Amino acid sequence: MLENLQKYRIILASQSPRRRELLAATGIPFSVRVLPDIDESYPDTLPTSQIAQHIACQKAQAYRPQMEDDELLITADTIVVLDNNVLGKPVDEHDARRMLHQLSGRTHQVITGVCLTAVHCQRAFSVETDVTFATLTEEEIDYYVTHFHPMDKAGSYGIQEWIGHIGVTRLSGSYFNVMGLPVQRIYTELKLF
């Protein structure tokens, strides 16, 4: 399968256990490489639809100097957008509760940008999914934040966790994109390398 990739060693540049799990489910062999302290800033003027892809490409640039000729690097970034505002990772439990209150009873967008980089070729894209939450009670939000500690998740939630099971009423697009890696689109793009 994907015989065109046999000339590459696939590298996933991510600390996320969810991204590792999702890429592994495709059956594509890969290893993980993580560089510390990669700049994830973006220009204030950048439209929200382009932020995740911009950051994914910025991450790829940080890895380029140490890439070997036979490596194909996968970098990604996921953001949550509500009313054209980016909800990043919460700084503390209070911030997580604030974000979940904002998402409660509303539809937001989850955008994952992906950059596939080889020494002489690069492909970048983003995938957007609309997610609608039911109205969440204070008790539900407190329970989730206290028991699941969503400090490492954009928008303060993981759809694969309890809050996704009890709170998400509608999804338009890729579920796996909301988890952090649009594996179907990545698989399709890898066919083109």
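Going by the structure above, here's the rest.
Residues numbered from 1 in each chain as written. Predicted model: local features only at pLDDT ≥ 70, side-chain atom pairs only at ≥ 80, totals over all residues. Heavy atoms only, no water.

Chemist: Give a detailed account of the overall build of the chain, specifying residues and quantitative values.
Modeler: Within the chain, the secondary structure is distributed over 7 helices and 7 strands. Helices (α) and strands (β) of the chain occur, in sequence order from the N terminus, as β-α-β-α-β-β-α-β-β-α-α-β-α-α. Relative to its length of 193 residues, the chain is compact, with a C-alpha radius of gyration of 17 Å against a globular reference of 16 Å. The dimensions of the chain, computed from C-alpha atoms along their principal axes, are 50 × 35 × 25 Å. Evaluated residue by residue, the chain yields a buried proportion of 46% over its 193 residues. For the chain, restricting intrachain contacts to residue pairs at least 6 apart in sequence, the fraction spanning at least 24 positions comes to 67%. (Helix = DSSP H or I, 4+ residues; strand = E, 2+ residues; numbered from the N terminus. Rg over C-alpha atoms; globule rule 2.2 N^0.38 Å. Buried < 20%, exposed > 50% of the residue type's maximum accessible area, 1.4 Å probe, protein only. Contact = heavy atoms within 4.5 Å.)

Chemist: Go over helix α1 (residues 17–24), please, and point to the residues and values.
Modeler: All of the buried residues along α1 are Arg-18, Arg-19, Leu-22 and Leu-23. Down the axis, α1 shows its buried residues gathered within 125° of arc, on one side only. Facing away from the buried side of α1, by more than 90 degrees, are the exposed residues Pro-17 and Glu-21. Turning to α1, the residues buried within the fold contact β1 (9–12), β3 (71–82), α6 (175–179) and α7 (183–190). With a side-chain oxygen lying 3.2 Å from the backbone nitrogen of Arg-18, the N-terminal cap of α1 falls on Ser-16. (Arc of directions from axis to C-beta. Polar contact = N/O pair within 3.5 Å; in protein donor to acceptor, adjacent residues only side chain to side chain.)

Chemist: Lay out the packing of helix α3 (residues 93–103) against helix α4 (residues 138–148) with the relevant residues and their values.
Modeler: Angle between the axes and distance between the axes are the two parameters that describe a pair of packed helices. At their nearest, the axes of α3 and α4 sit 10 Å apart, and the two run at 135° to each other. Taken together, the axes of α3 and α4 lie oblique to each other. The interaxial crossing formed by α3 with α4 has right-handed handedness. Across the interface between the two elements, Glu-93, Ala-96, Arg-97, Leu-100 and His-101 of α3 pack against Glu-138, Ile-141, Asp-142, Tyr-144, Val-145 and Thr-146 of α4. When its residues are assigned to classes, the contact of α3 with α4 shows 5 nonpolar, 2 polar and 4 charged. (Axes fitted to C-alpha atoms, helices over the stretch in contact; angles between N-to-C directions. Parallel < 35°, antiparallel > 145°, perpendicular 65-115°, else oblique. Left-handed = near helix turned anticlockwise from the far one by under 90°. Nonpolar A, V, L, I, M, F, W, Y, C, P; charged D, E, K, R; others polar.)

Chemist: For the packing of aromatic side chains, give the residues involved together with the corresponding values.
Modeler: Counted according to the given criterion, the structure contains 6 aromatic pairs. Seen from their ring centres, Tyr-8 and Phe-193 are 6.1 Å apart, and the 85° between their planes marks the pair as edge-to-face. With Tyr-8 in the segment before β1 and Phe-193 in the segment after α7, this pair connects stretches of sequence that are 185 residues apart. Owing to a relative accessible area of 12%, Phe-193 belongs among the buried residues under this scheme. In this structure an aromatic cluster arises from ring pairing among Tyr-143, Tyr-144, Phe-148 and Trp-162. (Phe/Tyr/Trp six-rings, centres within 6.5 Å; stacked < 30°, edge-to-face > 60°.)

Chemist: Which residues make up the pattern of salt bridges, and what values do they have?
Modeler: Proximity of charged atoms lets side chains of opposite charge pair with each other. Scanning the model with the defined rule gives 14 salt bridges in all. Across the salt bridge formed by Asp-70 and Arg-9, the nearest N and O atoms sit 3.0 Å from each other. Pair noted here: Asp-70 is in the loop between α2 (48–63) and β3 and Arg-9 is in strand β1, with a separation of 61 residues, a long-range link. Close ionic contact of Glu-71 with Arg-9 constitutes a salt bridge, the shortest N to O distance being 3.2 Å. Linking Glu-71 in strand β3 with Arg-9 in strand β1, this pair joins segments that are 62 residues apart in sequence. For Glu-71, a relative accessible area of 2% corresponds to the buried category. (Salt bridge = Lys/Arg side-chain N within 4 Å of Asp/Glu carboxyl O.)

Chemist: Give me the lowdown on the nonpolar core, citing residues and values where you can.
Modeler: One finds Leu-5, Leu-72, Tyr-157 and Leu-190 to be the most contacted residues of the largest nonpolar core, which totals 41 residues. Sorting elements by how many residues they give to this core places β3 first, with 5 residues. Residues Ile-11, Ala-56, Met-67 and Leu-73 belong to the second largest nonpolar core, which totals 8 residues. (Core = buried A, V, L, I, M, F, W, Y, C linked by side-chain atoms within 4.5 Å.)

Chemist: Describe α7, naming the residues involved and giving the relevant values.
Modeler: For α7, the complete set of buried residues consists of Val-183, Ile-186, Glu-189 and Leu-190. Seen along its axis, α7 keeps its buried residues to an arc of 125°; they face one direction. Of the surrounding elements, those touching the buried residues of α7 are α1, β3, β5 (107–118), β6 (121–133) and α6.

These figures come from the coordinates and say nothing about function on their own.
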